[in-house]
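What follows is the residue order along each chain.
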Amino acid sequence: MNTSVVPSKIHLGIYGICAQNGKVLMIRKGRGPYKGSLDLPGGKIEPGETFAEALHREFDEETGAKVLGHKPLCVSEYQCQWTSEDEKKAFHHVALYDTVELDATNLKQGPDGHDSEGAQWVVAPLSATDVAPIAHDALRLVGLLT
């Protein structure tokens, strides 16, 4: 018997990497397949939004930081299965990554009401075991992951 679950859709999101003074801005995931892991701020691109609009909105929602500038970095893909409320689920994630410059003077450190438990500056380089797998390639590309 095949116990694998096929994803019903592809999740397309945009995420940003901001490193300053030996630290990188991360969020702690509050739900989904990456629950409990550190992840880069960002998320789903809504219908009608440009990549830039989604990046600005997601940073504001999850971190309270304002994106001042950004530059495309890479694309990453990850598929996984996990169990939520005794139900097997599948996730197919495609992520666009940008490097970003921020005004982070009003950093939101509490939950955003969606899937972030709060934003924090984390000392780099990060350990792969602490970070959501979808972010590994992008963080390695800029030298922020061991």
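For the structure, see preceding data.
Scoring rules and cut-offs
- Along each chain, numbering runs from 1 in the same order as the chain's sequence is written.
- Under the rules for a predicted model, residues below a pLDDT of 70 receive no local features and side-chain atom pairs below 80 are neither given nor counted, while totals for whole chains, interfaces and linings still include all residues.
- Hydrogens and water molecules were not included; the side-chain quantities draw on all heavy atoms of the structure.
- Take the buried residues of types Ala, Val, Leu, Ile, Met, Phe, Trp, Tyr and Cys, join any two whose side-chain atoms come within 4.5 Å, and each joined set is a nonpolar core.
- Burial classes follow relative accessibility: with a 1.4 Å probe on protein chains only, a residue under 20% of its type's maximum area counts as buried, one over 50% as exposed, and anything between as partly exposed.
- Helix numbers and strand numbers start at the N terminus; a helix is a DSSP run of H or I with at least 4 residues, a strand a run of E with at least 2.
- A contact between two residues is defined here by any heavy atoms of the two lying within 4.5 Å.
- A pairing counts as a salt bridge when a side-chain nitrogen of Lys or Arg comes within 4 Å of a carboxyl oxygen of Asp or Glu.

So, on to the nonpolar core. Met 26, Leu 40, Tyr 97, Leu 126, Val 131 and Leu 139 are the most contacted members of the largest nonpolar core, which totals 22 residues. Counting only elements with at least two residues in this core, the list comes to β1 (10–17), β3 (23–29), β6 (66–84), β7 (87–103) and α2 (136–141). When residues in this core are grouped by element, the largest group, three residues, is from β7. Non-local contacts of Leu 40, meaning those with residues more than four positions away in its chain, are made with Tyr 15, Gly 16, Ile 17, Val 24, Leu 25, Met 26, Ile 27, Glu 62, Tyr 97, Ala 135 and Leu 139. Ile 14, Phe 59, Leu 96 and Leu 107 belong to the second-largest nonpolar core, a separate cluster that totals 15 residues.

Scanning the entire structure with this criterion turns up five salt bridges. Residue Glu 58 pairs with Arg 57 through a salt bridge whose shortest N-O separation is 3.0 Å. Using a relative accessible area of 7% as the deciding quantity, one classes Glu 58 as buried. In this structure, Glu 61 engages Arg 57 in a salt bridge whose closest nitrogen and oxygen atoms are separated by 3.3 Å. One end of the pair, Glu 61, and the other, Arg 57, are both in helix α1 (residues 51–63), four residues apart, so they sit about a helical turn from each other. Three or more residues are tied together by salt bridges with common partners; here these are Glu 49, Arg 57, Glu 58 and Glu 61.

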